[in-house]
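Architecture and fold: a report
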Amino acid sequence: VLKGCLSMCKSIVPLLIAMFTHIAVAHAASLETGVDAYTSGNYADAVAQFRPLAEIGDPQAQFNMGVLAFKGHGLPQDPVESYAWLTASGRQGFSFACRYREKVGAQLTPQQIRRARELAGQRLGQETHPTSGAGLADGQVGCPQRSSH
């Protein structure tokens, strides 16, 4: 039985590698297509390319969605939505998102920031407190907190 399993596994591995390689290439092509659409001013197409990638957790696509939401390019201007996308992206180490999020956060009320953190936590698959609206702290969801020096 074990020999048959090993034989089958040997034949499946190349197929899985080919499948994941194809997915990675398609993913990169969508990001590139989105950037091309954005730079040519076709913001609706940029959103159409970035949103699916952002929703599955791509930090660069999440950053791009945060910028588009903040500027109102291709979707309604929404700084809370922007902050949420930027928080999700920053939590995954995309440092540009952290810097841009500071700019967006300066325009939000504490209540809006709590709501944005909730959204970011949902996008990252993390729990937030449902009644208080308090999302996870910045050190847990989003960019590292700045020191007070």
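Basis of the calculations
Residues numbered from 1 in each chain as written. Predicted model: local features only at pLDDT ≥ 70, side-chain atom pairs only at ≥ 80, totals over all residues. Heavy atoms only, no water. Helix = DSSP H or I, 4+ residues; strand = E, 2+ residues; numbered from the N terminus. Buried < 20%, exposed > 50% of the residue type's maximum accessible area, 1.4 Å probe, protein only. Contact = heavy atoms within 4.5 Å. Areas by Shrake-Rupley, 256 points an atom, 1.4 Å probe, with all protein chains shown as cover. Salt bridge = Lys/Arg side-chain N within 4 Å of Asp/Glu carboxyl O. Phe/Tyr/Trp six-rings, centres within 6.5 Å; stacked < 30°, edge-to-face > 60°. Lys NZ or Arg CZ within 6 Å of the ring centre and 35° of its normal. Core = buried A, V, L, I, M, F, W, Y, C linked by side-chain atoms within 4.5 Å. pLDDT = per-residue confidence, 0-100. Expected span 1.5 Å × (residues − 1). Polar contact = N/O pair within 3.5 Å; in protein donor to acceptor, adjacent residues only side chain to side chain.

1. Quick look at the overall build of the protein chain
Helices and strands together make up the secondary structure of the protein chain, namely six helices and zero strands. Helices and strands appear in the protein chain in the N-to-C order α-α-α-α-α-α. For the protein chain, with 149 residues in total, the buried portion stands at 35%. Sequence-distant contacts, at least 24 apart, represent 50% of the contacts inside the protein chain between residues at least 6 apart. Surface accessibility of the protein chain: about 8,900 Å² in total, with carbon and sulfur atoms responsible for 60%.

2. Some details on the pattern of salt bridges
With the rule as written, the count across this model stands at two salt bridges. Linking Arg123 and Glu81 is a salt bridge whose minimum nitrogen-to-oxygen distance equals 2.3 Å. With Arg123 in helix α6 (residues 110-123) and Glu81 in helix α4 (residues 79-91), this residue pair connects regions lying 42 residues apart in the sequence. Relative accessible area serves as the criterion here: at 25%, Arg123 is assigned to the partly exposed category. You can call Glu81 buried: its relative accessible area is 18%. Close ionic contact of Arg115 with Glu118 constitutes a salt bridge, the shortest N to O distance being 2.9 Å. With Arg115 and Glu118 both in helix α6 and three residues apart, the pair spans about one turn of that helix. Classification of Arg115 as partly exposed rests on a relative accessible area of 37%. With relative accessibility at 12%, the residue Glu118 sits in the buried group.

3. Examining the packing of aromatic side chains
Summed over the entire model, instances satisfying the criterion amount to five aromatic pairs. Considering the side-chain rings of Tyr38 and Tyr43, the 5.3 Å spacing of their centres and the 55° angle between planes classify their relative orientation as tilted. Judged by relative accessible area, which is 24%, Tyr38 ranks as partly exposed. Between Phe94 and Phe96, the aromatic rings sit 5.9 Å apart at their centres with planes inclined by 65°, giving edge-to-face as the arrangement. Members of the aromatic cluster, joined through ring pairs, are Phe63, Phe70, Phe94, Phe96 and Tyr100. Above the plane of the ring of Trp85 lies Arg123, whose end atom (NZ or CZ) is 3.7 Å from the centre.

4. Brief notes about the nonpolar core
By size, the foremost hydrophobic cluster in this structure holds 14 residues, and its most contacted members are Phe63, Tyr83, Leu86, Tyr100, Val104 and Leu108. Listing elements by their share of this core, those giving two or more residues are α3 (59-71), α4, α5 (95-105) and α6. Here this core takes four residues from α4, the largest share from any one element. Excluding residues within four positions of it along the chain, Phe63 makes contact with Leu86, Ser89, Phe94, Phe96, Ala97 and Tyr100. Among the nonpolar cores identified, the runner-up in size contains 13 residues, and Phe50, Leu53, Leu68 and Leu75 belong to it.

5. A look at the confidence of the model for the protein chain
Per-residue confidence for the protein chain averages 78 on the pLDDT scale, and 64% of its residues sit at or above 70. Per-residue pLDDT, averaged within each element of the protein chain, yields its smallest value for helix α1 (residues 2-39) (63) and its largest for α3 (96).

6. Some points on α3
For α3, built from 13 residues, the straight-helix expectation of 18 Å at 1.5 Å per residue is met to within 8% by its first-to-last C-alpha distance of 18 Å. Buried residues dominate α3, accounting for ten of its 13 residues. Within the sequence span of α3, burial applies to Ala61, Gln62, Phe63, Asn64, Met65, Gly66, Val67, Leu68, Ala69 and Phe70. Regarding α3, its N-cap is Asp58, as a side-chain oxygen of that residue lies 3.0 Å from the backbone nitrogen of Gln60 further along. Positioned one or two residues after α3, Gly72 has a phi angle of 70°, which is positive.

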